[in-house]
Amino acid sequence: MKMNYATMIFKTQGIGQLLLRVPVGIILMAHGAQKLFGWFGGYGLEGTGQWMESIGLAPGFLMALLAGSAEFFGGLALIVGLLTRPAALVSAFTMIIAIFSVHIQNGLFMSNNGYEFALSLLAATAALTVQGAGIFSVDAAIYQKLTASKGTHRAKKAHDEVTA
């Protein structure tokens, strides 16, 4: 894709999504890695599953697997911009569950284990669900290929009809 400097400077479509996707993806991936693999001080599937079971999310191991996978693989998808809308939607749903099953009773603020951080991630993933990945993404490259091939197919079909 060829882009001139004026477009790079003045056209903001896509840049905002990139700036949102990457840090949110990193955060989600790290939290998912804690749940799935025990990285970054996490408890892994077994420990996270036991904790989830203790707060009423049963079966705990399955819930840990689902939440960890949504965060880890959803975060990875957001970083590269692949299947962004579905990944963001699943991540948003995961944040809703986290807010209402873990944090809501503690109020808003993180200092009390409240829901402000999960709410921020919910807002970001909801925005990405609506907006999509933006121009700097694998989704955009796939879309460009799909529309280019459709255009080529249509042009060939029109040409064949004219010359027939």
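Residues numbered from 1 in each chain as written. Predicted model: local features only at pLDDT ≥ 70, side-chain atom pairs only at ≥ 80, totals over all residues. Heavy atoms only, no water.

A. Focus on the layout of surface pockets. Its volume calculated, the largest pocket comes out at about 840 Å³. Looking at the largest pocket, it is lined by 31 residues, and the ones nearest its centre are H31, K35, W51, E71 and H103. A per-element tally of the lining of the largest pocket places helix α5 (residues 84–103) first, with nine residues. Per-class residue counts for the lining of the largest pocket are 18 nonpolar, eleven polar and two charged. (1 Å grid on protein atoms, 1.4 Å probe; cavity = no way out; pocket = protein on both sides within 12 Å on 5 of 7 lines; lining within 4 Å. Points joined across faces, edges and corners; volume = space filled by probe spheres on them. Helix = DSSP H or I, 4+ residues; strand = E, 2+ residues; numbered from the N terminus. Nonpolar A, V, L, I, M, F, W, Y, C, P; charged D, E, K, R; others polar.)

B. Geometry of the nonpolar core. Ranked by size, the top nonpolar core spans 14 residues in total, and within it V24, L28, L78, M95, L121 and L122 carry the most contacts. Elements with a contribution of two residues or more to this core: α2 (15–37), α4 (60–80), α5 and α6 (116–131). Those residues in contact with L28 that lie beyond four places of it in its chain are E71, F72, G75, L78, S91, M95, L121 and T125. M52, A64, A67 and F72 belong to the second-largest nonpolar core, a separate cluster that totals eight residues. (Core = buried A, V, L, I, M, F, W, Y, C linked by side-chain atoms within 4.5 Å. Buried < 20%, exposed > 50% of the residue type's maximum accessible area, 1.4 Å probe, protein only. Contact = heavy atoms within 4.5 Å.)

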